[in-house]
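# Descriptive structure summary
Listed below are the residues making up each chain.
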Amino acid sequence: MQFAQSTFLGGKKMSEPIARRQSLTDYRITASKCGVCGSVYFPPKSFCNNEGRASKMIKHDYLYEKGSFYSGSVISAPTNKFKYLDSYLSCLIEFNDGFRVPGRVTDHTPSETADISKYIDRPLVPRFRRLYADGEDGLVYYSSLNYSFADEYYPYQEYTEIQPSKEIERPGIVGYGAYIPKYRIKNEGDRAAGVKERTLPYADEDTTTFSVEAGKRALIHAALNSSYIKKVHVGTESPTYAVKPIMATVTQALELGEKYEDGFFSGGVDTQFACKAATDMYIDACALVNYPQFGGEYAMIIGSDNSQAAPGDALDYTVGAGATAYIFGRRDVIATLDHYVSYTSDTPDFYRREHEKYPRHGGRFTGEPAYFKHVKTSMKACLEKSGLTPKDIQYVICHSPNAQFPVRAATEVGFDKTQIEPGLVGQKIGNLYSGSCPTSLAAILDIAFPGDKILMTSYGSGAGSDSYIFTVTPKNEEKRNRLVTMKEQVENPFREYVDYAFYRKMKESA
Amino acid sequence: MTINQSKPIAAIVGAGRTKFGELWYDDPEKLLFDAGLNCMQSVDKGIHRNQLEACYFGSFLYQSTNKMGLVPGHMAKELGLNVPITMTEAACASGGSAIYNACMAIRSGQYDTVLVGGFEKMTDRSNKISDDLMFAADPNEFGAGYTFPGLYATMMARYMYDYGEGKQECEDAMAMVASKNHHHAIKNEYAQFRREFTPEAIKKSSLVAHPVRLLHCSPVSDGAAALILTTPEKAHTYTDTPIYILASQQATNDVSLYTRESITSIKTTKLATAAAFKETNLTYKDIQIAEVHDCFTVEEVMFLEDSGYYEKGTAWKGIYESYEAGKTKKHTPYINEQNELIVNPGGGLKADGHPVGATGVRQLHEAWVQLRGQAGGQQVESGLNTALCHNIGGTGAICTVHILGR
């Protein structure tokens, strides 16, 4: 009886097979183009209206293209499925070849009486976002038929593939992409331990959408054919589903691995270890790309979280949202992974039971016996193993649950301000949980010179730390023009500040 | 005027309807029963239901609102008949399409006398109706967060951008359409709204999907309408004043707005209207009244252009000038040089109401009473000979056009 009730009252509105079929067209805006007359059809058709049986239909994706606003409307009285967004702009988008699709403009709160003519012709870029969820227990639907203005927060970037070099090097990072949302909240007072402002998701964002956006940027940065990536792991502690991997959505949306029928020859998992769910996998990714039986040369690791905190809890003043993806490989490496140490103990400082919405923590117990013990032990061991001293390292990164812990930990191991501060993005974006260290590393790679050494130490409650020493190569500068840097995102003039009520609503929606 | 050049397709010998509005206590079957009974009783020389050889019904949401399938079986039970019953679902053009199918049957010689009905029970669906109406749109439009007002607002916004010359009068004209239709409904005893609204009040009504406001939209309604159609030869068996169907046309196009060449005109209106004029050898100049599918006011604006009454992009000017010239009259005609066209003399979808599946049939009911001079308080006073009925489904994926004459 319980099953029947959840089926009929729980609000399952769409069937799983329909959701599957829609993912094949909506994730990448997959259309079919007539090779004879050029007409484009969405969803794809098997024949062209003009050419009939003589048509030669070719699949064409618009995920990496740019369109413009053709016409639209500010929806003030939405359908029930979209009430969670209050009011928003729905529109028709026209791509350069005249092909139009419907979409919703996201990251944008229009005035109810906005002059639509002012929007017409403004450039738009596709964004992978939620459409809606079927209640608390049903499916969550995603699509790239959502757009944001290219002349606003999220710029348009071309995706051009470059053939990898023939030279094989020490494994390391070959590309990365950081994504932090447009919305920010400022912290008043000193409850946030140095975190001045934080990112938060828009209502249609979640860990899955962050992961896709970060992965997309990493592919653009690496200029790598997505079919070369044979493994993707998504580390998170705010998964969209209790059971259903985010990595599968990322794989489908970004077409990771060699395509076969409607799937891909690639693998991966979602990993969980509080805030070090992603960093723990860096060494595995490097090991994999070195292992002949892997059958591939690249692996992607994404750290992504819409960091959760109970309303009013101390963490509610530090949590942020976003993701950073890294592609590891052995060709065109921008930073080699040179040294690694991991340190683990069963320390219950922070945890969340199944079905619980928010994590719980041990207050001051999360400090000395948990964070500092693991971070410092791991960091020191890594330095010792590498034979390096703090003076040999240009940048040091420690997991940033706030802006004070990493400074103290690094200082106590012998680092100074100039080595620590460039990686302290947490004070402007908050604690991205699994995305924290990866995002700080991105901020460093954005500015590092060839030969610079970076020591990164993550921390995951429960508890453990991973320390890595990377050495930046000249390739880093060659690829920099394909980045949206952390500085550009943190200081983006289109970032939007919201109040606590809006922040809470967005947090709960995502 | 050169009407009746071709043989009429069918004759309407009876027509009936219910009041439109929020009819909380009536089941959809009851509405159809009431409209059908009124229709039977309107036959001047009488008719018995056993003389009905087939039925054609139109409804959009019956299955989802009332969770009932196999509508012919439900209707056979209501009517106590065992004749062939055909259900048509074509969203807001379900009624017009049922009439089109009935005309086809009579044209073919299969039947002499048939019952046509359109009905809808929208209020049973309460707050789910906005979602349900999107069944008539492309799923990707639903996924884009669109509502029906939003889709029409997208058309309206682009129309104003392309043709409005940046003038306030274009936006005013959109409100004048609604104001005029409300004015026409004042004496319509069946109408959902019998209230005047000035263009200013319409422009101040609450926003639904900017630039579409609440009073640009037709309402959520319950109601039903019915007609009895017979062959022209048999018409006088039932009445001395039959109204003839001279043209019955239907055209279809993509359900999706985004795949259309133009979103500022409706291709199906153009095709069906042109075919209807060709069928009758008439032009828009010969039409005196038009029942136009004003689900949103911009739709009436586009009809005036798609039918050829006004040049593309100029209807708003014609509407503005006509409204200013004729707003104090009982009916405000659209003036184009020497021509005067009265659109929606009973208030149209805007004021009379829009129980989706009933609308197409209600339009022919209105034309029937107008042409017979039985429209009561909303009777158009100049002697009428011709009427055109224009019924749209979705954002123009289907259109039926019927031309009626005395």
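The structure displayed is predicted, hence computed values, not measured ones.

### Remarks on the overall build of chain B
If you tally the helices and strands in chain B, you get 15 helices and 13 strands. In summary, chain B has a C-alpha radius of gyration of 19 Å against a globular reference of 22 Å for 406 residues, a match within 12%. Across its three principal axes, chain B shows a C-alpha extent of roughly 60 × 50 × 35 Å. In chain B, buried positions account for 64% of the 406 residues. The contacts in chain B between residues at least 6 apart in sequence include a share of 78% that link residues at least 24 apart.

### What about the overall build of chain A?
Helix and strand counts for chain A stand at 13 helices and 24 strands. Counting every position in chain A, which comprises 510 residues, the buried fraction comes to 53%. A separation threshold of at least 6 residues defines the contact pool for chain A, and within that pool the share at least 24 residues apart is 73%.

### What about the interface of chain B and chain A?
Note: interface size is frequently given as the accessible area lost on complex formation between the parts. Listed per partner, the contact involves 28 residues of chain B and 31 residues of chain A. In terms of residue count, the dominant contributor to the side of chain B that touches chain A is helix H7 (residues 148–163) of chain B (six residues). A class-by-class count of the residues in the side of chain B that touches chain A yields 15 nonpolar, nine polar and four charged. Note: strand E4 (residues 67–75) of chain A against strand E5 (residues 207–210) of chain B, two bridges, orientation antiparallel. Among the inter-strand pairings, A:Ile75 is bridged to a residue of E5(B), identified as B:Ala209.

### Points about the sheet that holds strand E13 (residues 398–405) of chain B
By definition, the strands of a sheet pair up through backbone hydrogen bonds, in either a parallel or an antiparallel sense. Residue and element names in this part refer to chain B. Strand order across the open sheet formed by eleven strands is E3-E2-E4-E7-E1-E8-E13-E12-E9-E11-E10, with mixed pairing between neighbours. Either end of the sheet is taken by a strand with one partner, and the two such strands are strand E3 (85–88) and strand E10 (334–336). Ignoring strand direction, the axes of neighbouring strands in this sheet form an average angle of 25°. Here E10 runs beside strand E11 (residues 339–343); their pairing, made up of three bridges, is antiparallel. Pairing of Ile 335 across the sheet is with Glu 340, part of E11.

### Describing the pairing of strand E2 (residues 54–58) of chain B
Residue and element names in this part refer to chain B. Judged by how many residues are buried, E2 sits mostly within the fold: five of five residues are covered. Side chains of E2 alternate between two faces, with Ala 54, Tyr 56 and Gly 58 and Cys 55 and Phe 57 buried alike. Sheet topology note: the E2/strand E4 (residues 114–121) ladder contains five bridges and is parallel. Its bridge partner lying in E4, Ala 54 is registered against Val 114. Examined bridge by bridge, E2 and E3 share four bridges and lie parallel to one another. Counted as the bridge partner of Phe 57 is Met 87 from E3.

### Some details on the environment of B:Gly360
Residue and element names in this part refer to chain B. By the element assignment, Gly 360 lies in helix H15 (residues 356–371). Along the chain, Gly 360 and Ile 392 lie 32 residues apart, while their C-alpha atoms are 8.4 Å from each other. With residues near it in sequence (within four places) discarded, Gly 360 still touches Gly 58, Ala 93, Ser 94, Gly 95, Gly 96, Ile 99, Gly 118, Asn 391 and Thr 400.

### Thoughts on the nonpolar core
Among the nonpolar cores identified, the biggest contains 163 residues, and B:Ile12, B:Val114 and B:Val116 are the most heavily contacted of them. Looking at this core, the element that brings in the most residues is H7(B), giving ten residues. Three or more residues apiece are contributed to this core by two domains, here domain 1 (2–25 + 64–149) and domain 2 (29–62) of chain A. Not counting chain neighbours up to four residues away, the residues in contact with B:Val114 comprise B:Leu52, B:Glu53, B:Ala54, B:Cys55, B:Tyr56, B:Ala102, B:Ala105, B:Ile106 and B:Leu229. The next biggest cluster of nonpolar side chains, apart from the first, holds 106 residues, and it includes A:Val195, A:Ala370, A:Ile469 and A:Phe470.

### Some words on the sheet that holds strand E18 (residues 335–344) of chain A
Residues and elements named next belong to chain A. The strand order E15-E12-E16-E17-E9-E18-E23-E22-E21 describes an open sheet built from nine strands, whose pairing is mixed. Two strands bound the open sheet, and with one partner strand each, they are strand E15 (270–271) and strand E21 (395–398). Here strand E9 (residues 172–179) runs beside strand E17 (residues 321–329); their pairing, made up of seven bridges, is antiparallel. Directly across from Gly 177, in E17, lies its bridge partner Ala 325. Contacts between helix H5 (residues 280–290) and the sheet are confined to E9, strand E12 (229–235), E15, strand E16 (298–306), E17, E18 and strand E23 (464–472), with E16 contributing the most and set at about 165° to the helix.

### So, the packing of helix H6 (residues 367–386) of chain A against helix H7 (residues 405–413) of chain A
Residue and element names in this part refer to chain A. Contact geometry for H6 and H7: axes closest at 10 Å, N-to-C directions at 40°. Relative to H7, the element H6 is oriented oblique. Note that H6 runs across H7; the crossing there is right-handed. Counted together, Tyr 371, Phe 372, Val 375, Lys 376, Met 379 and Lys 380 of H6 and Phe 405, Ala 409, Glu 412 and Val 413 of H7 form the full contact between these two elements. A per-class count over the contact of H6 with H7 returns seven nonpolar, no polar and three charged.

### A look at the domain arrangement of chain A
You can read the domains of chain A as domain 1 (2–25 + 64–149), domain 2 (29–62) and domain 3 (172–509). Each of domain 2 of chain A and domain 3 of chain A was reduced to a C-alpha centroid, and the two centroids are 41 Å apart.

### What to know about the pairing of E11(B)
Relative to E11(B), strand E9 (residues 289–291) of chain B is paired through two bridges, and the arrangement is parallel. Across the sheet, B:Ala290 pairs through a bridge with B:Val343, a residue of E11(B).

### Structural notes on the confidence of the model for chain A
Mean pLDDT over chain A works out to 94, with 97% of the residues at or above the 70 mark. In this model, residues 1–12 of chain A is a region of pLDDT below 50 whose contacts with residues beyond four sequence positions or in other chains number ten contacts.

### Topic: unusual backbone geometry
Along the chain, A:Gly462 connects to A:Ala463 via a cis peptide bond; the corresponding omega equals 5°. Within the secondary structure layout, A:Ala463 lies in the loop between strand E22 (453–457) and E23. Across the junction of B:His210 and B:Pro211, the peptide omega takes the value 10°, indicating a cis bond. Tracing the chain through its elements places B:Pro211 in the loop between E5 and strand E6 (212–213). Located in the positive-phi region is A:Lys244, a residue other than glycine, with phi close to 155°. Summarising the element assignment, A:Lys244 is placed in the loop between E12 and helix H4 (246–254). Residue classification places A:Lys244 among the partly exposed residues on the basis of 13 C-beta atoms within 10 Å. Residue B:Glu165 is not a glycine yet carries a positive backbone phi of 55°. Following the sequence through the fold, B:Glu165 ends up in the loop between H7 and helix H8 (168–184). Here B:Glu165 falls in the exposed class, since 11 other C-beta atoms lie within 10 Å of it.

### With respect to the environment of B:Thr359
All names here are of chain B. Counting through the fold element by element, Thr 359 comes out in helix H15. Thr 359 sits in the buried class, given 33 other C-beta atoms within 10 Å. Among all residues touching Thr 359, those that are not within four sequence positions of it are Cys 92, Gly 95, Gly 118, Leu 349, His 354 and Asn 391.

### Describing the packing of helix H12 (residues 297–306) of chain B against helix H13 (residues 315–326) of chain B
Residue and element names in this part refer to chain B. Here H12 crosses H13 at 110°, and the two axes come no closer than 9 Å. With respect to H13, the axis of H12 lies roughly perpendicular. Counting all contacts with H12, which are made through Val 301, Leu 304 and Glu 305, the residues of H13 involved are Ala 315, Trp 316, Gly 318 and Ile 319. Its residues placed into classes, the contact of H12 with H13 shows five nonpolar, one polar and one charged.

### Let's talk about the confidence of the model for chain B
Here chain B averages 95 in pLDDT, and 99% of its residues register 70 or above. Note on the complex model: pTM 0.94, ipTM 0.94.

Conventions and cut-offs
- Residues numbered from 1 in each chain as written.
- Chains lettered and ligands numbered in written order.
- Predicted model: local features only at pLDDT ≥ 70, side-chain atom pairs only at ≥ 80, totals over all residues.
- Helix = DSSP H or I, 4+ residues; strand = E, 2+ residues; numbered from the N terminus.
- Rg over C-alpha atoms; globule rule 2.2 N^0.38 Å.
- Buried ≥ 20, exposed ≤ 12 C-beta atoms within 10 Å, placed from the backbone.
- Contact = placed C-beta atoms within 7 Å.
- Nonpolar A, V, L, I, M, F, W, Y, C, P; charged D, E, K, R; others polar.
- Pairing = 2+ DSSP bridges.
- Axes fitted to C-alpha atoms, helices over the stretch in contact; angles between N-to-C directions.
- Core = buried A, V, L, I, M, F, W, Y, C linked by C-beta atoms within 7 Å.
- Domains from an automatic or database assignment.
- Parallel < 35°, antiparallel > 145°, perpendicular 65-115°, else oblique.
- Left-handed = near helix turned anticlockwise from the far one by under 90°.
- pLDDT = per-residue confidence, 0-100.

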